[in-house]
There are 2 protein chains.
Amino acid sequence: MTTRYKMTVAYDGHLFHGFQYQPHQRTVQGTIETALSKMTKGKAVIVEGSGRTDAGVHALGQVIHFDYPGKQISPERMICALNSIMPLDIIFKKCEVVDEKFHVRYSAKGKWYRYRISLDRFVDPFKRFYTGHYPYPVNIEKMKKAATDLLGTHDFTSFAASGGQIRNKVRTMYYVNVAKNEQSNEIIFDFICSGFLYNMVRILVAMLLEIGRGKRPVNDIPRVISAKDREQVRETAPASGLFLYHVFYENIPEKYRLDRD
Amino acid sequence: MTTRYKMTVAYDGHLFHGFQYQPHQRTVQGTIETALSKMTKGKAVIVEGSGRTDAGVHALGQVIHFDYPGKQISPERMICALNSIMPLDIIFKKCEVVDEKFHVRYSAKGKWYRYRISLDRFVDPFKRFYTGHYPYPVNIEKMKKAATDLLGTHDFTSFAASGGQIRNKVRTMYYVNVAKNEQSNEIIFDFICSGFLYNMVRILVAMLLEIGRGKRPVNDIPRVISAKDREQVRETAPASGLFLYHVFYENIPEKYRLDRD
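Residues numbered from 1 in each chain as written. Chains lettered and ligands numbered in written order. Predicted model: local features only at pLDDT ≥ 70, side-chain atom pairs only at ≥ 80, totals over all residues. Heavy atoms only, no water.

J.: Please provide a residue-by-residue account of the overall build of chain A, values included.
T.: Looking only at helices and strands, one finds five helices and 10 strands in chain A. Against the 2.2 N^0.38 benchmark of 18 Å for 261 residues, chain A shows a C-alpha radius of gyration of 19 Å, consistent with a compact globule. By its C-alpha atoms, chain A is 60 × 40 × 35 Å across when sized along the principal axes. Put simply, 71% of the contacts in chain A that link residues at least 6 apart link residues at least 24 apart. For chain A, the exposed area adds up to about 12300 Å²; of that, 49% sits on carbon and sulfur atoms. Averaging the coordinates of the 38 positive side-chain charges in chain A and doing the same for the 27 negative ones gives two points 2 Å apart. (Helix = DSSP H or I, 4+ residues; strand = E, 2+ residues; numbered from the N terminus. Rg over C-alpha atoms; globule rule 2.2 N^0.38 Å. Contact = heavy atoms within 4.5 Å. Areas by Shrake-Rupley, 256 points an atom, 1.4 Å probe, with all protein chains shown as cover. Lys, Arg positive; Asp, Glu negative; His and termini not counted. Charge placed at Lys NZ, Arg CZ, Asp CG, Glu CD.)

Put into structure tokens, the structure is as follows:
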């Protein structure tokens, strides 16, 4: 008998070689599996994530599931037990016991990624692991306008780095937002999509910044989408600014359905 | 001929063994001196700081001075040159050419330290290097009230860790503030004093937290001050939450002179 747990987890990605287990590397999955094996006295537990995050990418609301062998533990106790033995760059925030039909990857209806860009001339030492850096004048209105062309269902091939194993690159972008935070001198990009391709957010951010800086026309996105060609956008924003913010298992709330106009 | 530069510098202290130069250790002073020696093609430049910060302690507004040999460089160019060769955990924010009578330590009229305490049950991974952690219920009003007893001129011997070399422990506390930030679930402590003794802020914070938690009476501070005995406060809050926020070379502004009532 095993019990399936669904847990929400936050991590500071800067000291991890990404989410996915790799031998001899410090990964999020590997670190959680090691902690679980302490609780099971050595029985291996496989952790499934809602998706991989790359080296240096952070999560505020990554979701995982695993089948815990042996005696069922209350969600509250599972959180406490795991947080007491985890290294400080990972923290469990929520826990539920779920049906075995629930799968953290296949049951997800969408994901929310956030990207932070610092506009400071020199990188603030306290932000160096948590923002991308773009010390150039950018026009936020241009980026806002351009970003609306991403909404809806498209083949996002032009925004997928090689290396992904997924063939079907059609996704639905439900929500995009580009906002300036004056106090922190940052641009915050938010994207909610039915699913994201490899490096997709980082490529989208790089393209939007080129539009904001005037290096690319505001109406370039429909052309790039229809080209279905990764060579159309050569830049990729760095991992440091990227946060997996939330995974939706419910339908995407109406307020985030900008695709339906 | 040398030129004296006064510079304001911020650093993330978590990967430094403190400010002061130590052989075979990564220190703020050592790192800046190495950068300067690249600019002078090997001529040693000694960096003076307004004060030392310990391992793990951060600065938003540390001030340094040094005598730069050879051709005078504009402050603007000095900032650019240094920031381009510094590691990313140190950044220069301001630069002035000053008279040789200016001394970064002896000319200072006061310093402002800030301390951040996270009240979260488990440490937020993104705050682990930048806050102390106190997952207990605390009464902010009690701490606010108690802190006012620190204002004015006192012998602060009870709040000085052994290891400091200073004999005269009389200082003037100009300003104290204890505030809750609801959004981040943190307590922010601010102290402006004519000078701080070794570990003084971290000991004061530990004592105020004991008062907030009810482990010490609200009116305990006058007794502790007059005891002149470090054994009266045994705890020291961790380095991670401490920030050197500002150094005053002008008179302390009136709005920060709560000592004059």
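From this point, the discussion proceeds with the structure in view.
J.: Could you give an account of the environment of Ala-146 of chain A, with specific residues and numbers?
T.: Residue and element names in this part refer to chain A. Examined against the element boundaries, Ala-146 turns out to sit in helix α3 (residues 140–147). With 32 residues separating them along the chain, Ala-146 and Val-178 place their C-alpha atoms 10.0 Å apart. Contact partners of Ala-146, with chain neighbours within four places excluded, come to Leu-208, Ile-211, Val-218 and Ile-221.

J.: Can you lay out the packing of helix α1 (residues 28–39) of chain B against helix α2 (residues 75–85) of chain B for me, pointing to particular residues and giving the numbers?
T.: Residue and element names in this part refer to chain B. Closest axis-to-axis distance for the α1/α2 pair is 10 Å, and the angle between their directions is 115 degrees. The angle between α1 and α2 falls in the class roughly perpendicular. In this structure, α1 crosses over α2, and the sense of that crossing is right-handed. For the pair α1 and α2, the contacting residues are Ala-35, Leu-36, Lys-38 and Met-39 in the first and Met-78, Ala-81, Leu-82 and Ile-85 in the second. Looking at the contact of α1 with α2, its residues break down into seven nonpolar, no polar and one charged. (Axes fitted to C-alpha atoms, helices over the stretch in contact; angles between N-to-C directions. Parallel < 35°, antiparallel > 145°, perpendicular 65-115°, else oblique. Left-handed = near helix turned anticlockwise from the far one by under 90°. Nonpolar A, V, L, I, M, F, W, Y, C, P; charged D, E, K, R; others polar.)

J.: Please set out the relation of the copies chain B and chain A residue by residue, giving values where relevant.
T.: The two copies are related by a screw motion: chain B maps onto chain A through a turn of 180 degrees and a shift of 0.0 Å along the axis, at an RMSD of 0.0 Å. What the superposition gives is, in effect, a two-fold axis relating one chain to the other. Minimal C-alpha distance to the rotation axis in chain B is attained by Phe-126 of chain B, lying at 5.2 Å. A share of 100% of interface residues in chain B that are also interface residues in chain A marks the association as one of identical surfaces. (Least-squares fit on C-alpha atoms with pLDDT ≥ 70 in both.)

J.: An account of the interface of chain B and chain A is requested, with residue identities and associated values reported.
T.: Reports often express the size of an interface as the amount of accessible area lost when the parts come together. Counting residues at the interface gives 26 residues for chain B and 26 residues for chain A. Area buried by chain B at its contact with chain A is led by Phe-122, Phe-126 and Arg-128 of chain B, which between them contribute 35% of it. Here chain B and chain A share four residue pairs in polar contact (both at pLDDT 80 or more) between them. If you list the elements that add at least two residues to the side of chain B that touches chain A, you get β1 (2–11), β3 (58–69), α2 and β4 (90–98) of chain B. (Buried area = accessible area lost by both parts, 1.4 Å probe. Polar contact = N/O pair within 3.5 Å; in protein donor to acceptor, adjacent residues only side chain to side chain.)

J.: For helix α3 (residues 140–147) of chain B, give the residues involved together with the corresponding values.
T.: Residue and element names in this part refer to chain B. Among the residues of α3, Ile-140, Met-143, Ala-146 and Ala-147 are the ones counted as buried. One side of α3 holds all its buried residues, which, seen down the axis, span an arc of 130 degrees. Residues of α3 that are exposed and point over 90 degrees away from its buried face: Glu-141 and Lys-145. Packing partners of the buried residues in α3 comprise β8 (170–181), β9 (186–193), α4 (200–212) and α5 (221–227). (Buried < 20%, exposed > 50% of the residue type's maximum accessible area, 1.4 Å probe, protein only. Arc of directions from axis to C-beta.)

J.: Give a description of the state of the cysteines that names residues and reports values.
T.: Residues and elements named next belong to chain B. The final tally for this structure, using the stated rule, is zero disulfides over all chains. Free cysteine: Cys-80, not disulfide-bonded; nearest cysteine sulfur from Cys-95 at 10 Å. Among the residues examined, Cys-80 registers a relative accessible area of 22% and is labelled partly exposed. (Disulfide = S-S within 2.5 Å.)

J.: Let's hear about the packing of aromatic side chains: which residues, and what values?
T.: For any pair of aromatic rings, the description consists of the separation of the ring centres together with the inter-plane angle of the planes. Taken as a whole and judged by the stated rule, the model has 34 aromatic pairs over all chains. Measuring from centroid to centroid gives 5.7 Å for Tyr-5 of chain B and Phe-66 of chain B, while their planes differ by 25 degrees, and the two rings are stacked. Of this pair, Tyr-5 of chain B sits in strand β1 while Phe-66 of chain B sits in strand β3, and the two are 61 residues apart along the sequence. Both residues of the pair, Tyr-5 of chain B and Phe-66 of chain B, belong to the buried class. Across from the ring centre of Tyr-245 of chain A, 4.3 Å away, lies the NZ or CZ of Arg-114 of chain A, which sits over that ring. Looking at Arg-213 of chain A, its charged tip hangs above the ring of Tyr-136 of chain A, at a distance of 3.7 Å from the centre. (Phe/Tyr/Trp six-rings, centres within 6.5 Å; stacked < 30°, edge-to-face > 60°. Lys NZ or Arg CZ within 6 Å of the ring centre and 35° of its normal.)

J.: Residue-level account of the domain arrangement of chain A, with values.
T.: Residues and elements named next belong to chain A. The assigned domain composition of chain A is domain 1 (2–98) and domain 2 (110–256). Taken together, the contacts link 17 residues of domain 1 with 17 residues of domain 2. Summing the contributions of domain 1 and of domain 2, the shared interface buries around 1300 Å²; its carbon and sulfur component is 56%. When residues of domain 1 are sorted by the area they lose upon contact with domain 2, Asp-54, His-58 and Leu-60 head the list and together hold 36% of the total. Where domain 1 meets domain 2, there are one salt bridge. (Domains from an automatic or database assignment. Salt bridge = Lys/Arg side-chain N within 4 Å of Asp/Glu carboxyl O.)

J.: A description of the UniProt feature "active site" (unreviewed entry) in chain A should follow, citing residues and the corresponding values.
T.: All names here are of chain A. The UniProt record annotates "active site" (unreviewed entry) at Asp-54. The exposure class of Asp-54 is partly exposed, given its relative accessible area of 23%. Setting aside its immediate chain neighbours within four residues, Asp-54 contacts Gly-18, Tyr-198, Asn-199 and Arg-202. (UniProt positions renumbered as here; feature names shortened; annotations may be inferred.)

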